[in-house]
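The lines below spell out each chain.
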Amino acid sequence: MPITHASKTPERKIDPSQPLILVEHLDFAYPDGHVALRDLSLEIKQGEKIALVGPNGAGKSTLMLHLNGILGDGSGLRVGGLPLNKQNLPVIRALIGLVFQNPDDQLFSPTVFEDVAFGPLHMGLPEDEVLERVKEALAHVDMNGFEERLSHHLSTGQKKRIAIATVLSMRPYALILDEPSAGLDPRARRGLIHLLRDLPITMLVSTHDLRMVAELFPRMVIMDEGRIVADGQTAKLLADEALLDAHGLEKP
Amino acid sequence: MIHNNLFDRYYATESPLHRLSPSVKVLLTVFFILSNALLPDGHWIGFGISWAVIFLLNWVGQLGWGYTFKRSFIALPFALAAVTAIFALPGKTLAEFDVLFWHLLATDAGLLRFFSIVVRSWLSVQVAILLVATTQFPDLIHALEHLRLPRMLITVIAFLYRYIFVLSDEVLRLLRARQARSAVLPGQSGGGTVFWRAKIAGNMVGQLFLRSYERSDRIYNAMLARGYQGHLRTLNRHAMHTRDWVILILSSAALLFLQIFTHF
């Protein structure tokens, strides 16, 4: 009986002259009629680290779920020049690593190893490369030696790190994180900030933690009611108290 | 979060049984259950041999002698469904009962059938426990794929397994929330009427459905985001070796022989 593993994820061919993520005039409404995104446009260049802030229900998570094709029909989105369609979807999912807010949703395998290996395995990579990538990803988040631990026995901070590793093992071009510092104690939060600072990768991070934003992200995007209401240098936007106030944000 | 490991019965160790190809294990498990079902009523030697095989496999799998036996009691109550057999078969009457407006006759043939059914299901449950204890779940799913079970069915099994943890976690949380608010004032009986309790329980079931529905959606998204395309994959190889073929053929032959021995 043969080993029937489905085909390998095709090689990524992205155009370096194009923006890594390009969102143009994106509209989205949930099936119940609730409009979550209205005519939203955003451009992310390679190497940028961007904070996405805004009140709850502003559409931040919805936007993030669009960026690797979980929501939406793919129109209005390009990743590295590739349009998001059925054919490109597996490639784009490998390019854009999405880390969910609740690590309990992200970590669904019994052991840490299996969770970190999930992405590379499902890209159809050979065994030795899967093993190598798991090792590398765990090293990135400083969690070597946790391979055989059960995910649900870890602390929240450790779970967050593993959740990031599960995506890093796919060697993505960009990391999309949904409220990574929520629910962390000060020490774990500090550790996470250092981790995000040191990762040499494009990043879009949604958060309510404006102190972290000021420290880590040169560019900041403010969303409210499904629209981008401000996009610019973090220092400038954070100095604009009227703007922050209008969108339910507090100056750190 | 208290994760419920109630359903995860894999017993991690190294043994010949663990190393055997999952496909072979699945096939032999099905054959063994079939063989149990086909053993004649009251053929205690046949049942004894099957039981001895289970015992031996416990030892081969390095699970400890009583591993499957200890865990098999959970399924015994279901065997009680066969209790009607005692009264349904014609034979020598052993006892008579009057239940409501029924007049029930317990017969010797019926009793024999009943005990045979109990033993059969007991044996079958044990071999299933053995399969799950020695085979990791993704491998089991793969084995079913290799055995050409319909894709849809396999996916349903895979997700049932995935989400049963989610469900049991939610149940634990709901029960804890109810407990935390179930206070009783001194000198008063708490709890309300049966009707009221039933309503609360009903609401909890509804909550459970909604919560686990949403949570399973998020987990599915997390799987999609990491390239899940409808197959669960594993690093373990599933090539059939000579050893697997030999064991498959020998064991099938042994089961066939057992059938011939008990029937003729």
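What you see is a predicted model; the values in this text were computed from it and never measured.

Take the overall build of chain A next. When you go through chain A residue by residue, the secondary structure sums to ten helices and ten strands. The C-alpha radius of gyration computed for chain A amounts to 18 Å, which stays within 12% of the reference 18 Å derived for 252 residues, consistent with globular compactness. Referenced to the eigenvectors of the C-alpha coordinate spread, the extents of chain A come out at roughly 65 × 40 × 40 Å. Of all intrachain contacts in chain A linking residues separated by at least 6 positions in sequence, the fraction that spans at least 24 positions is 68%.

This part takes up the overall build of chain B. Of the regular secondary structure elements, chain B holds eleven helices and two strands. Tracing chain B from N to C terminus, the helices and strands come up as α-α-α-α-α-α-β-β-α-α-α-α-α. Over its C-alpha atoms, taken along the principal directions, chain B stretches across nearly 70 × 60 × 35 Å. Counting every position in chain B, which comprises 264 residues, the buried fraction comes to 23%. For chain B, restricting intrachain contacts to residue pairs at least 6 apart in sequence, the fraction spanning at least 24 positions comes to 77%.

With that out of the way, let us pick up helix α6 (residues 156-168) of chain A. Residues and elements named next belong to chain A. In a regular helix each residue adds 1.5 Å, so 13 residues correspond to 18 Å; α6 covers 18 Å between its end C-alpha atoms and thus fits that length. With ten of its 13 residues buried, α6 lies for the most part within the structure. On its buried face, α6 is in contact with β6 (96-99), α3 (103-106), α4 (112-122), α5 (127-140), β7 (174-178) and α7 (186-198).

Next up on the list: the environment of Trp 44 of chain B. All names here are of chain B. Turning to its location among the elements, Trp 44 is positioned in helix α3 (residues 44-60). A tally of 12 C-beta atoms within 10 Å means that Trp 44 is categorised as exposed. Sequence separation between Trp 44 and Thr 262 is 218 residues; the distance between their C-alpha atoms is 9.5 Å.

Turning our attention to the sheet that holds strand β3 (residues 49-53) of chain A. Within a beta sheet, neighbouring strands are joined by backbone hydrogen bonds and run either parallel or antiparallel to one another. All names here are of chain A. Across the sheet, which stays open at both edges, the six strands sit in the order β6-β7-β8-β3-β9-β10 with mixed pairing between neighbours. Each end of this open sheet is capped by a strand with a single partner; those strands are β6 and β10 (227-233). The mean inter-strand angle of the sheet, taken between neighbouring strand axes irrespective of direction, is 15°. Relative to strand β9 (residues 219-224), β3 is paired through four bridges, and the arrangement is parallel. The residue bridging Ala 51 from the neighbouring strand is Met 220, located in β9. Of the strands in this sheet, β3, β6, β7, β8 (202-206) and β9 touch helix α1 (residues 60-67), which is tilted by about 150° from β7.

Residues and elements named next belong to chain A. Contact pair α4 / α5: the axes reach a minimum separation of 9 Å and the direction vectors enclose 125°. It follows that α4 is oblique to α5 by the angle criterion. Once α4 is placed against α5, the crossing between them reads as right-handed. Contacts from Phe 113, Val 116, Ala 117, Pro 120 and Leu 121 in α4 reach Glu 129, Val 130, Arg 133, Val 134, Ala 137 and Leu 138 in α5. Partitioned by chemical class, the residues of the contact of α4 with α5 number nine nonpolar, no polar and two charged.

What follows concerns the nonpolar core. Grouped together as the largest cluster of nonpolar side chains are 78 residues, with contacts concentrated most on Val 99, Val 116, Ala 174 and Ile 176 of chain A. With sequence-adjacent residues up to four places away left out, Val 116 of chain A is seen in contact with Val 134, Ala 137, Leu 138, Ile 162, Ala 165, Thr 166 and Ser 169 of chain A. If you look at the next biggest cluster of nonpolar residues, it comprises 25 residues, including Leu 20, Trp 122, Val 127 and Leu 232 of chain B.

As a further point, take unusual backbone geometry. With a phi close to 60°, Asp 142 of chain A is a non-glycine residue in the positive phi region. Position of Asp 142 of chain A among the secondary structure elements: in the loop between α5 and α6. Of note in the backbone geometry, Gln 62 of chain B takes a positive phi value of approximately 55° without being a glycine. By the element assignment, Gln 62 of chain B lies in the loop between α3 and α4 (67-72). Under the C-beta neighbour-count criterion, Gln 62 of chain B is labelled partly exposed, with 15 such atoms within 10 Å.

Moving on, we get to the pairing of β7 of chain A. Residues and elements named next belong to chain A. Among the five residues in β7, five count as buried, and that is most of the element. On β7, burial covers both faces: Ala 174, Ile 176 and Asp 178 on one face and Leu 175 and Leu 177 on the other are all buried. In the sheet, β6 pairs with β7 via four bridges, with the strands oriented parallel. Paired with Leu 98 across the strands is Ile 176, a residue of β7. You can see the chain leave β7, run along α7 and come back into β8, and the turn it takes is right-handed.

The subject of this paragraph is the domain arrangement of chain B. Domains assigned within chain B are domain 1 (1-136 + 239-264) and domain 2 (150-179 + 195-235). Placing a centre on the C-alpha atoms of domain 1 of chain B and another on those of domain 2 of chain B gives a separation of 30 Å.

So, on to the sheet that holds strand β4 (residues 77-79) of chain A. Residue and element names in this part refer to chain A. Taken in spatial order, the four strands line up as β2-β1-β4-β5 in an open sheet, and their pairing is antiparallel. Edge positions in the open sheet fall to β2 (35-44) and β5 (82-83), since each of these has one partner strand only. Summarising the sheet, β4 and β5 pair through two bridges and their orientation is antiparallel. The partner of Val 79 across the bridge, within β5, is Leu 82.

Residue and element names in this part refer to chain B. Look at helix α2 (residues 22-38) against helix α11 (residues 242-263): their axes get within 10 Å of each other, and the N-to-C directions meet at 0°. On the basis of the axis angle, α2 is roughly parallel to α11. Together, Val 24, Leu 27, Leu 28, Phe 31, Phe 32, Ser 35 and Leu 38 of α2 and Asp 244, Ile 247, Leu 248, Ser 251, Ser 252, Leu 255, Leu 258 and Gln 259 of α11 make up the contact between the two elements. Residue composition of the contact of α2 with α11, by class: ten nonpolar, four polar and one charged.

Turning to the confidence of the model for chain B, a few remarks are in order. Note: predicted coordinates in regions of low pLDDT should not be interpreted at a detailed level. Residues and elements named next belong to chain B. When the pLDDT values of chain B are averaged, the result is 83; 95% of them are 70 or greater. Looking over chain B, one finds the lowest element-wise mean pLDDT in strand β1 (residues 93-99), namely 78, and the highest in α2, namely 93. Two numbers describe this predicted complex: its pTM, 0.72, and its ipTM, 0.81.

Here we take up the environment of Val 184 of chain B. Position of Val 184 of chain B among the secondary structure elements: in the loop between α9 (151-180) and α10 (194-225). In this structure, the C-alpha to C-alpha distance between Val 184 of chain B and Ala 79 of chain B, residues 105 residues apart in sequence, is 40 Å.

Parameters and conventions
Residues numbered from 1 in each chain as written. Chains lettered and ligands numbered in written order. Predicted model: local features only at pLDDT ≥ 70, side-chain atom pairs only at ≥ 80, totals over all residues. Helix = DSSP H or I, 4+ residues; strand = E, 2+ residues; numbered from the N terminus. Rg over C-alpha atoms; globule rule 2.2 N^0.38 Å. Contact = placed C-beta atoms within 7 Å. Buried ≥ 20, exposed ≤ 12 C-beta atoms within 10 Å, placed from the backbone. Expected span 1.5 Å × (residues − 1). Pairing = 2+ DSSP bridges. Axes fitted to C-alpha atoms, helices over the stretch in contact; angles between N-to-C directions. Parallel < 35°, antiparallel > 145°, perpendicular 65-115°, else oblique. Left-handed = near helix turned anticlockwise from the far one by under 90°. Nonpolar A, V, L, I, M, F, W, Y, C, P; charged D, E, K, R; others polar. Core = buried A, V, L, I, M, F, W, Y, C linked by C-beta atoms within 7 Å. Right-handed = clockwise from strand over helix to strand, strands pointing away. Domains from an automatic or database assignment. pLDDT = per-residue confidence, 0-100.

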